[in-house]
Amino acid sequence: MPQHDPSSPAAVTAPTVTAGGGALTLEPAGAPRRRRRYTGTRTSPLQALLWLGPALALIVGVVIFPAYELVRAAFSRYSITGLRLGGAGGRNFDQVLHHPELGTVLLNTLVWVVSVVALTVLISLALAQFLTKDFAGRRFVRYAIIVPWAASLVITAKTFVLVYDYYYGTLNLVLTKLHVISTPIDFLGSDSWIMPSMVLVGVFVSIPFTAFVFVAGLNAIPHDVYEAARMDGASSWQVYRSVTLPLLRPALLVASVLNIIYVFNSFPIIWTLNDRNPGFGHDTTITFMYKLAFKSAEKDVGMSAAAGVFNVLLILVVVMAYLKVTSWREETA
Amino acid sequence: MPRRLPLASVGAGVLALALAACGGGTGSDNAGGGSSAGTPAAGASSAGGSAKPTTIKLVAAEYSKDHTAAFWNDFATAYKAKTGNTLDVQVVSWDAIDQTSSTMIQNNNAPDILNLNVYASYAKDGLLYSADDVLSPDVKSDILPAFVKSGTFDGKMYGFPDLSSARAFFYNKDLFTKAGISAPPKTWDEFEADAKKIQALGSGTIGYAMPLGPEEAQGEFSIWAFNNGGDWKSDGKWTINSPANVETLTFMKKLATVDKVTQNNPAKTNRADAFNLFKSGKVGMIVGFSPLAADLDKDGKVNYGVAPMPTKSGEPQTFGVTDYLMAFKKSGNQDAVKAFYDLYYQKDQINTFIKAEGFLPVTTSGLQVFGSDPKLKVYLDTLPNVHLTPTDDPTWDKVKLAVQQNIGAGITGNPKSVLDQLQKTAENGG
């Protein structure tokens, strides 16, 4: 999932740079010296703008303008054809909030995000431990784990549709042959199986990124800390709990926050695996938003945009709350 | 996803600028000469003129990977040669075309011609040219009356059919022989009995494949409802929860849950998946159409027959579907659009397209062209009397979506309350 939102890592890791006081205190000392050196050819603001231009244009075009359009659409009334009929005031927001399926969708989103992120982090922790050990074929295993990351999400999801299929699915075939089950399981159509089936795919595609963040985190822990712990007679579990985990905390935070954002915004997995299920019974807020615009009986771009605004606010609040709870700044400052 | 919309709108904006530049160029031209006869709305045509070439944009639905883009590209070449105008072709998959068209219109950048399965909402929003504006009289008179009727909204024709299909009853001859059934069923009782016999063959055999999933649920229900004397609308009123329709959905529920002669979870099976099951030879009966026949012929695996739909009330009814090519009113494009239709409805163009895609004609002259193919006889005979969904009502555009999303619930839940709810949706204007 990480490949979908390249802007996010920068946004989240930025505080570590500015918060690490060193850079800030250097600035005043460096600035005057520079100014003195270039007094003759001082750059005018206009020149600076020229250099900043391309980057600013990109930000305006890709971030600010779309955000403006989204908000404008959320306050507009649209025909089913997509024609803007006029202003709508808060009507679209009201309709989203009173949508009969909103509760189901929010609950689905919660289950989806929490279970995918939690499982991903747990499995990746174990995997990372394993990957930092020296063993024959380690390079091969590392490549194997990266593959799901390299494949397009839609392709992965379509592959899993084939794996899960009721009639031809390999999973049902294997389970029946092994006599685990006597009749096939409807992984994608059954109301109780569809969410676990989607979560499994979500975890599968999130592991590579997370595991490699942890591998990097583990490699950054100095060896002498372990030696000291062992000399004090700590058991391996104690070492892991009192040395590894605390020192891995920055990596854990980064991986969790990024995963929360990616998983929350994940569209292709749910869209592809859930396409045979009518209504909103297994949708998260992201697919809910898409269906509102183009597939459901509402077919209302304005209402979908309003749902989109809610989505942005929701993920902002969730991430802030998470950072607050884990006291991000203290830990990394 | 909305994140993507504004992005598209940036592109659309650039395109709009480019188009505006084009328009400016043609506007300066002498508008008087060469305009084809009988073109009304001189205001629009004067901007475009016809002495200087125009560019118009076609957004077409992808019926097949192999043929759709190939046809339209050839068509664009022929169009350029004949009129001097350029046809900018964009082929979009059915999955994405609603999103594409909606985004284009939202950004004030509608295509000139759009190929879609609905049109009435667009006509209602006042976006479209009517047949009076862009269709030559002899083109219009060639279109089969059933399609003229379905393309007419509020007294004027806005939906110009590009092709049609008629659903027919497909059965697996080998499975029928195995189960000791001599002929395809004619009544619902015979159908039910046959389905049970086939299901009883065991080893994964399925009596009837019933796709009521969101992809095309309205089609599957239409066929059964029409053959029970039911309909979506009659005499201008919505009749979704009529006794006949409730009886129909109840019967379908019985097939799935009491007789258990359908595939697993019919409420959540999409049409494509049901077709795949039939192609695998596991399924005794299914409602299919000519592209399925083409696939089956290509595979050569299943020995199948095609028959009229089993009926509960008198003559078997054929459910037909047609898609539309609609034209958007934009200043300066009227002559080019008209020329587009003049060329498209030429016998050698439209019928080449329809033949390649494996569908059925929409014109009287097309019926003659296709009449020579014995395989298509079973469909062609029924085509003039084909029974369509109420695409001429803008409300249908929303009702269709509601049906796709909800009617499957009638299999797992209560058929009457599901239909009551849909009726309410329709009466509230979608």
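Note that the structure is a prediction, hence the values are computed from the model and not measured. (Residues numbered from 1 in each chain as written. Chains lettered and ligands numbered in written order. Predicted model: local features only at pLDDT ≥ 70, side-chain atom pairs only at ≥ 80, totals over all residues. Heavy atoms only, no water.)

So, on to the sheet that holds strand S12 (residues 304-307) of chain B. By definition, the strands of a sheet pair up through backbone hydrogen bonds, in either a parallel or an antiparallel sense. Residues and elements named next belong to chain B. An order of S8-S11-S7-S12 is seen for the four strands of this open sheet, with the pairing classed as mixed. Strand pairing shows two members of the sheet lacking a second neighbour, strand S8 (206-208) and S12, which therefore form its edges. Across the sheet, the mean angle separating the axes of adjacent strands is 25° when strand polarity is ignored. As defined by bridge partners, strand S7 (residues 168-172) adjoins strand S11 (residues 283-288) across four bridges and the pair is classed as antiparallel. Residue tyrosine 171 lies in a different strand from S11, and its bridge partner there is methionine 285. (Pairing = 2+ DSSP bridges. Helix = DSSP H or I, 4+ residues; strand = E, 2+ residues; numbered from the N terminus. Axes fitted to C-alpha atoms, helices over the stretch in contact; angles between N-to-C directions.)

Another aspect to go through is the pattern of salt bridges. All names here are of chain B. Counting across every chain of the model gives 17 salt bridges over all chains. The salt bridge partner of lysine 416 is aspartate 420, with a shortest N-O separation of 3.1 Å. Residue lysine 416 and its partner aspartate 420 are both found in helix H21 (residues 415-427); the two are separated by four residues, about one turn of the helix. Of the residues examined, lysine 416 reaches a relative accessible area of 40% and is grouped as partly exposed. Among the residues examined, aspartate 420 registers a relative accessible area of 27% and is labelled partly exposed. One continuous salt-bridge network, built from bridges that share partners, spans Arg167, Glu215, Glu216 and Arg271. (Salt bridge = Lys/Arg side-chain N within 4 Å of Asp/Glu carboxyl O. Buried < 20%, exposed > 50% of the residue type's maximum accessible area, 1.4 Å probe, protein only.)

Side chains that are three or four residues apart share a direction in an α-helix, a result of its 3.6 residues per turn. Among the residues of helix H14 (residues 290-299) of chain B, those classed as buried are Ser290(B), Pro291(B), Leu292(B), Ala293(B) and Leu296(B). Downstream of H14(B) by a residue or two, Gly300(B) has a phi angle that is positive, lying close to 65°.

Time to look at the confidence of the model for chain A. Taken over all residues, the pLDDT of chain A has a mean of 85, while the share at 70 or more is 86%. Counting interchain partners and residues more than four positions distant, the pLDDT-below-50 stretch residues 1-35 of chain A has 34 contacts. (pLDDT = per-residue confidence, 0-100. Contact = heavy atoms within 4.5 Å.)

Another aspect to go through is the interface of chain A and chain B. It is common to give the size of an interface as the accessible area lost on bringing the parts into contact. Each partner contributes to the interface: chain A provides 36 residues, whereas chain B provides 39 residues. The junction of chain A with chain B conceals about 3,400 Å² of combined surface from both sides, 57% of it contributed by carbon and sulfur atoms. Its largest share of buried area at the contact with chain B, chain A owes to Thr81(A), Tyr167(A) and Phe294(A), together 20% of the area lost on that side. Summed over the shared surface of chain A and chain B, the number is two salt bridges. (Buried area = accessible area lost by both parts, 1.4 Å probe.)

On to the UniProt feature "transmembrane region" (unreviewed entry) in chain A, then. Residues and elements named next belong to chain A. Mapped onto this numbering, the UniProt entry annotates "transmembrane region" (unreviewed entry) at residues 46-68, 110-131, 143-164, 193-221, 251-271 and 301-323. The distance separating the terminal C-alpha atoms of residues 46-68 is 26 Å; by composition the span is 100% helix and 0% strand. The distance separating the terminal C-alpha atoms of residues 193-221 is 41 Å; by composition the span is 90% helix and 0% strand. (UniProt positions renumbered as here; feature names shortened; annotations may be inferred.)

On to the nonpolar core. One finds Trp112(A), Phe214(A) and Leu273(A) to be the most contacted residues of the largest nonpolar core, which totals 80 residues. The element best represented in this core is helix H9 (residues 194-219) of chain A, accounting for 14 residues. In this structure, Val148(B), Phe289(B), Ala327(B) and Tyr345(B) belong to the second largest nonpolar core, which totals 65 residues. (Core = buried A, V, L, I, M, F, W, Y, C linked by side-chain atoms within 4.5 Å.)

With that out of the way, let us pick up the side chain of Ser365(B). Residues and elements named next belong to chain B. Within the secondary structure, serine 365 is located in helix H17 (residues 364-371). A distance of 2.7 Å separates a polar atom in the side chain of serine 365 from a polar atom in the side chain of aspartate 142. Every residue in contact with serine 365, bar those within four places of it in the chain, is listed here: Asp142 and Lys347. (Polar contact = N/O pair within 3.5 Å; in protein donor to acceptor, adjacent residues only side chain to side chain.)

Residue and element names in this part refer to chain B. This structure, assessed with the given rule, holds 55 aromatic pairs over all chains. Summarising the aromatic geometry, the rings of tryptophan 72 and tyrosine 344 are spaced 5.5 Å apart at their centres and angled 20° between planes, so their arrangement reads as stacked. Residue tryptophan 72 is found in helix H3 (residues 68-83), and its partner tyrosine 344 is found in helix H15 (residues 334-344); the two are separated by 272 residues along the sequence. No difference in accessibility class separates tryptophan 72 from tyrosine 344, as the two residues are buried. Arginine 167 extends its terminal NZ or CZ atom over the ring of phenylalanine 289, reaching a point 4.6 Å from the ring centre. (Phe/Tyr/Trp six-rings, centres within 6.5 Å; stacked < 30°, edge-to-face > 60°. Lys NZ or Arg CZ within 6 Å of the ring centre and 35° of its normal.)

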